[in-house]
Amino acid sequence: METPLAYNILDANDKIAADLRADFAARGLLVFNLISSPGAGKTALLERTLADLKKEFAMAVIEGDLQTDNDARRIAATGAKVVQINTGGGCHLDAALVRTALEELPLDGLDILFIENVGNLVCPVEFDCGEDGKIALLSVTEGDDKPEKYPLLFHLARVMLLNKIDLLPHVDFSLERAERFARLLNAGLRVLPVSCRSGEGLEAWYDYLREARRVKLTQS
Ligand code: MG
Ligand code: ZN
């Protein structure tokens, strides 16, 4: 019986992702794949993180977008190295696209690499890019039932960042409800409420990165 095409594509992707993961591991490079809906604040989170931790870590970003380099220019303004991938309509990044981006991004001396995926909660989750973990970003301007509607992301993610908590007084989002749905899918999930605008909660995210980097170094 023929294997369905979709499985062949994912299998080929996983082989490239495994090569990337081995390369990252040999370097002790910590890699996170950042996934959210459009407008949840992925680029804003990275702008804050890159600026606030620039003295602690050498960081770079692979920026995935359907079109434009607007987000890459925002990242570059922090002084971090960034490579833009325009998928030309493709709704996710995959391992081959990341490998191509790395041709323009020297990894020597880097501590942390962020992959900002295309804004989409569905297929980016299915394509392993060789990362250490997926970070799910959900903003309080979305529904608090997103973890229930898009279970695979919240099942696989290491961290769920709940962004824009400065807007909580103005929206019907329940942090407790979002967290409860997500924990049903993933008991070990770290849940970090933050505001990339006010800075509230970001220190817990930075502590998470410091700890993840420390663990990564002990493994390599
Ligand atoms: Mg963005
Ligand atoms: Zn897609």
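Before reading on, note that the structure itself is shown above.
Attention in this report is confined to the structure presented alongside it. Just so it is clear, the structure is predicted and the values come from calculations on it, not from any experiment. (Residues numbered from 1 in each chain as written. Chains lettered and ligands numbered in written order. Predicted model: local features only at pLDDT ≥ 70, side-chain atom pairs only at ≥ 80, totals over all residues. Heavy atoms only, no water.)

### So, the environment of Ile 62
The condition that has to hold: A helix here means a DSSP run of H or I that spans at least four residues, while a strand means a run of E at least two residues long, and both kinds are numbered starting from the N terminus. Residue contacts are defined here by distance: any two heavy atoms, one from each residue, within 4.5 Å place the two residues in contact.
Summarising the element assignment, Ile 62 is placed in strand β2 (residues 59-65). C-alpha separation for the pair Ile 62 and Ala 95, spaced 33 residues apart in sequence, amounts to 12 Å. Not counting residues up to four positions away in its chain, the partners in contact with Ile 62 are Val 83, Ile 85, Val 98, Ala 101, Leu 102, Leu 105, Leu 113, Phe 114, Ile 115 and Glu 116.

### Details of the coordination of the magnesium ion (ligand 1)
As a reminder, the rule being used: Nitrogen, oxygen and sulfur within 2.8 Å of a metal are treated as its donors, or within 3.2 Å for sodium, potassium and calcium (Na, K, Ca); water is not counted, so a site can appear incomplete. In this scheme, a residue with accessible area under 20% of its type's maximum is buried, one over 50% is exposed, and one in between is partly exposed, where area comes from a 1.4 Å probe on protein chains only.
Around the magnesium ion (ligand 1), the protein supplies Thr 43 (OG1), Asp 71 (OD) and Glu 116 (OE) as donor atoms, at distances of 2.0 to 2.1 Å. Positions of the donor residues of the magnesium ion (ligand 1), expressed as sequence spacing, correspond to T-x27-D-x44-E. Of the two residues, Thr 43 is situated in helix α2 (residues 42-52) and Asp 71 in helix α3 (residues 70-76); the sequence distance between them amounts to 28 residues. Like Thr 43, the residue Asp 71 is buried in the burial classification.

### Details of α2
We count it as follows: Picture the helix axis, draw a direction to every C-beta atom, and the arc is the one those directions span.
Among all positions of α2, only Lys 42, Thr 43, Leu 45, Leu 46, Thr 49 and Leu 50 are buried. Down the axis of α2, the buried set is contained in an arc of 155°. They therefore lie on one face.

### A closer look at the coordination of the zinc ion (ligand 2)
Distances from the zinc ion (ligand 2) to its protein donors, Cys 91 (SG), His 92 (ND1) and Cys 123 (SG), fall within 2.0 to 2.2 Å. Classification of Cys 91 as partly exposed rests on a relative accessible area of 34%.

### Quick notes on the sheet that holds strand β1 (residues 30-36)
We count it as follows: Paired strands, in this sense, are two strands between which DSSP finds at least two bridges. Here an axis means a line fitted to C-alpha atoms, over the contact stretch when the element is a helix, while the angle between two N-to-C directions is reported on a 0 to 180 degree scale.
Read from one edge of the open sheet, seven strands run β3-β2-β4-β1-β5-β6-β7, paired in parallel fashion. Edge positions in the open sheet fall to β3 (81-86) and β7 (190-193), since each of these has one partner strand only. Geometrically, the sheet is characterised by an average inter-axis angle of 20° between neighbouring strands, direction not taken into account. Bridge count for β2 against β3 is six bridges, and the pairing is parallel. Its bridge partner being in β3, Ile 62 is matched across the sheet by Val 83.

### Examining unusual backbone geometry
For Thr 68, which is not glycine, the phi torsion reads 70° and is therefore positive. Within the secondary structure, Thr 68 is located in the loop between β2 and α3.

### Description of the packing of aromatic side chains
Applicable threshold: Side-chain rings of Phe, Tyr and Trp (the six-membered ring for Trp) are treated as a pair once their centres are within 6.5 Å; stacked means planes under 30 degrees apart, edge-to-face means over 60, and tilted covers the remaining angles. Put simply, a charge is over a ring when the Lys NZ or the Arg CZ is close to the ring centre, within 6 Å, and near the line of the ring normal, within 35 degrees.
Using the criterion set out here, one finds two aromatic pairs in the structure. Measuring from ring centre to ring centre gives 6.2 Å for Trp 205 and Tyr 208, while their planes differ by 10°; the resulting arrangement is stacked. One end of the pair is Trp 205 and the other is Tyr 208, both in helix α8 (residues 202-219) and three residues apart, which spans about a single turn. The exposure classification of Trp 205 matches that of Tyr 208, with both residues buried. Among the aromatic residues, ring-to-ring pairing joins Phe 32, Trp 205 and Tyr 208 into one connected group. Residue placement shows Arg 180 over the ring face of Phe 181; its charged tip is 5.9 Å from the ring centre.

### Describing the pattern of salt bridges
Convention followed: Take a side-chain nitrogen of Lys or Arg and a carboxyl oxygen of Asp or Glu: if they are within 4 Å of each other, that pair is a salt bridge.
Under the definition given, this model contains 21 salt bridges. In this structure, Asp 111 and Arg 213 form a salt bridge, with 2.8 Å as the shortest nitrogen-oxygen distance. Taken together, the positions of Asp 111 in the loop between α4 (95-102) and β4 (112-116) and Arg 213 in helix α8 put the pair 102 residues apart, joining distant regions of the chain. Residues Asp 111 and Arg 213 agree in their burial class; the two are buried. Of the charged contacts in the structure, one is a salt bridge between Glu 131 and Lys 134, with a shortest N-O distance of 2.5 Å. Among the ionic contacts, a cluster of salt bridges with common partners joins Glu 56, Glu 203, Asp 207 and Arg 210.

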